[in-house]
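Spelled out from the first residue to the last, the chains are:
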Amino acid sequence: MDKFIVHGGVRLTGSVAISGAKNASLALMPACLLTNGALTLKNTPNNRDLGTMSRLLGSMGVGMSLEGDMLTLDSTSITSYEAPYEHVKQMRASIYVLGPLIARYGEARVSLPGGCNFGPRPVDLHLKGLEKLGAEIDVTGGYIIAKCPRLQGAHFHFDISSVGASVNILSAAVLARGQTTLTNVAIEPEVTNLALMLEQMGAKISGIGTTTLEIEGVDSLNPVVASTIPDRIEAATFMLVAAMTRGDVTLTHVIPEHLDAVTQKLIDTGALVDVSDDTIRVRMLETPEAVDITASIYPGFPTDTQAQWAAYMLTAQGASRIRDTIYPTRFGYVPELQRLGAHIETGEGYCVVKGNNKLTGATVMSSDLRASASLVMAGLVAQGTTEILRVYHLDRGYEKLESKLGALGAVIERHPTEDY
Ligand code: UD1
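What counts and what doesn't
- All residue numbers refer to positions counted from 1 along the written sequence of the respective chain.
- Confidence filtering applies because this is a predicted model: local features only for residues at pLDDT of at least 70, side-chain atom pairs given and counted only at 80 or more, and all residues used for totals across whole chains, interfaces and linings.
- Neither water nor hydrogens contribute to the side-chain values; these are computed over all heavy atoms in the structure.
- Buried and open spaces are told apart on a 1 Å grid over the protein atoms alone, a cavity being a set of points where a 1.4 Å probe fits but cannot get out and a pocket being an open set with protein on both sides within 12 Å along at least five of seven lines. Residues with an atom within 4 Å of a point are the lining residues.
- Grid points are joined across faces, edges and corners, and a volume is the space filled by probe spheres set on the points.
- Residues are grouped as follows: Ala, Val, Leu, Ile, Met, Phe, Trp, Tyr, Cys and Pro are nonpolar; Asp, Glu, Lys and Arg are charged; all remaining types, including Gly, are polar.
- Segmentation of the chain into domains, including their bounds, is taken from an automatic or database domain assignment.
- It only takes one pair of heavy atoms within 4.5 Å for two residues to be counted as in contact.
- Two parts placed together each lose some accessible area; with a 1.4 Å probe, that loss summed over both constitutes the buried area.
- Two N or O atoms count as a polar contact when they lie within 3.5 Å, although within protein this holds only if one can serve as hydrogen donor and the other as acceptor, and sequence-adjacent residues are included solely when both atoms are side-chain atoms.
- Elements are defined by DSSP. Helices are runs of H or I of four residues or more, strands are runs of E of two residues or more, and each kind is numbered from the N terminus.
- What makes two strands pair is DSSP finding at least two bridges between them.
- Whenever a helix is involved, its axis is fitted only over the stretch in contact; in every case the axis is a line through C-alpha atoms, and angles between N-to-C directions fall within 0 to 180 degrees.
- Working definition: residue near molecule or strand if any one of its non-hydrogen atoms lies within 4 Å of it.
- The protein chains shown are the only cover counted for residues, whose accessible areas, like all others here, come from Shrake-Rupley with a 1.4 Å probe.

Student: Quick question: what am I supposed to make of the layout of surface pockets here?
Tutor: In this approach, a probe sized like a water molecule rolls over the atoms, and the result shows the empty space that is left. Volume-wise, the second largest pocket comes out at about 310 Å³. Considering only residue class, the lining of the second largest pocket consists of seven nonpolar, 11 polar and three charged. Looking at which domains feed residues into the lining of the second largest pocket, each of domain 1 (2-18 + 256-416) and domain 2 (22-227) supplies at least three.

Student: Help me out: how do you make sense of the domain arrangement of the chain in this one?
Tutor: Think of interface size as the accessible area that goes away when the parts come together; that is how it is often given. Domain parsing of the chain yields domain 1 (2-18 + 256-416) and domain 2 (22-227). Here the C-alpha centroids of domain 1 and domain 2 sit 31 Å apart. At the junction of the two partners, domain 1 supplies 19 residues and domain 2 supplies 17 residues. When the buried area of domain 1 at its contact with domain 2 is split by residue, Tyr 298, Tyr 327 and Arg 396 rank highest and sum to 40% of it. Where domain 1 touches domain 2, the interface holds six residue pairs in polar contact (both at pLDDT 80 or more). Mapped by element, the contributors of at least two residues to the side of domain 1 that touches domain 2 are helix H12 (369-381) and helix H13 (392-395). It is H13 that provides the largest number of residues to the side of domain 1 that touches domain 2, a total of three residues. Class assignment for the residues of the side of domain 1 that touches domain 2 results in seven nonpolar, five polar and seven charged.

Student: For this particular structure, what's the right way to read the sheet that holds strand E1 (residues 2-7)?
Tutor: Adjacent strands of a sheet pair through backbone hydrogen bonds, lying either parallel or antiparallel. Pairing is mixed in the open sheet, where four strands are placed in the order E22-E23-E1-E24. Only two strands of the sheet have a single partner each, and these edge strands are strand E22 (363-365) and strand E24 (411-416). Here the average twist between neighbouring strands, direction ignored, is 25°. As paired strands, E1 and strand E23 (residues 385-389) are joined by four bridges and run antiparallel to one another. Paired with Phe 4 across the two strands is Ile 388, which belongs to E23.

Student: Mind showing me how you'd approach the site of the ligand here?
Tutor: Around the ligand there are 20 residues in total, and Asp 124, Ser 162, Val 163, Gly 164 and Asp 304 lie nearest to it. One nitrogen or oxygen atom from the side chain of Asn 23 is found 3.1 Å from an oxygen atom belonging to the ligand. Protein chains shield 85% of the accessible area of the ligand, which is 740 Å² for the free molecule. Those elements that place two or more of their residues in the shell around the ligand are helix H5 (124-132) and helix H6 (163-173). Counting residues per element, the shell around the ligand draws most heavily on H5, at three residues. In the shell around the ligand, the residues fall into 10 nonpolar, six polar and four charged. The residues that make up the shell around the ligand include at least three from each of domain 1 (2-18 + 256-416) and domain 2 (22-227).

Written out as structure tokens, the structure is:
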């Protein structure tokens, strides 16, 4: 178990290359189960969640090799159709193997994910969608047991826009017999990244990038070389940390369009944001204005960036309201920020961050991945040093965060610790 010691008071400057998107990789990797032969994914990030997905696929017999950021997956010799609890409990996205397994092998046994640190996260839509495609599903002993010799195309409407359920059902429908229509599909860039790769593999999908997908099932898919999109959440974190430290940071390897909601809000606070084809430069010369945000589905402000926004707003002039319509209880970071001296009030589905906080270093505890990022950000502007425990949460989704921030001038030490 590692902890960070963050030294506050440094203005960040320089340039940082953004890694491939964790959440896109997690959707792309299980698609190796849909084809025989080697599926190669470029721009694969290196973080703990990707390690968990690799171990899960490896336990099923998928062969893997990694050269730099190029990951090759080969499911030719798959030996098991099971995602055991030991993997799923570490990462909910393990459930992404369900759709490909049932579609290609006709059976799957996948542990139920269980609870989560920022509220209930059911998987009912994943199961309803597969049932609609003809799968017989039994939930017993903590496991989802799905069977169906060949899925059959159907119309399925997602009652709630869900990234995960869209990934799972799309991954299954491409091999179903006949026509599938999916409506209210999530249009987050990670879902589109998957749809485009499936199309490259030979899937017949129309409407990619919209909320309605028409899929004509095919009998088999081909292995391809595909690319993972840049991580918009890592990018957003660096944009906010640049502004928060009154810095001047250029992000490279980004798709600026994916960050429009964050960019606009950042500009509203007074930051100078210069956007080119694949770079974004953020400069902040003054005290930010307080700006409210509401986290919602894409292209809205991402829920995975609301904790970082709250941290940024600690240094703003005035109070800002932060709402989360996707995870209304995702404010577990508030008591930890309060330990650093933050003035934040919480209500149902929102918090209000009072500006002009004088933060002072203290020991705090990460409660989830993005909450950890908000603590690092607060630590970077706090007086003195901040000790952040349980940074394994952070390692789930950020690749070498302390090194990347270090290259911009931050002083962050990583230490092993017995503290839990
Ligand atoms: C994904 C992201 C996560 C992000 C979230 C919202 C990955 C690996 N994770 O999570 O980082 O915070 O999208 O952008 O990509 N829901 C149901 N039933 C279901 C599925 C979801 O009610 O079967 C609800 C959830 O409780 C939530 C909403 O739908 O309120 C959206 O969740 P969803 O988009 O599914 O999130 P994840 O895919 O789990």
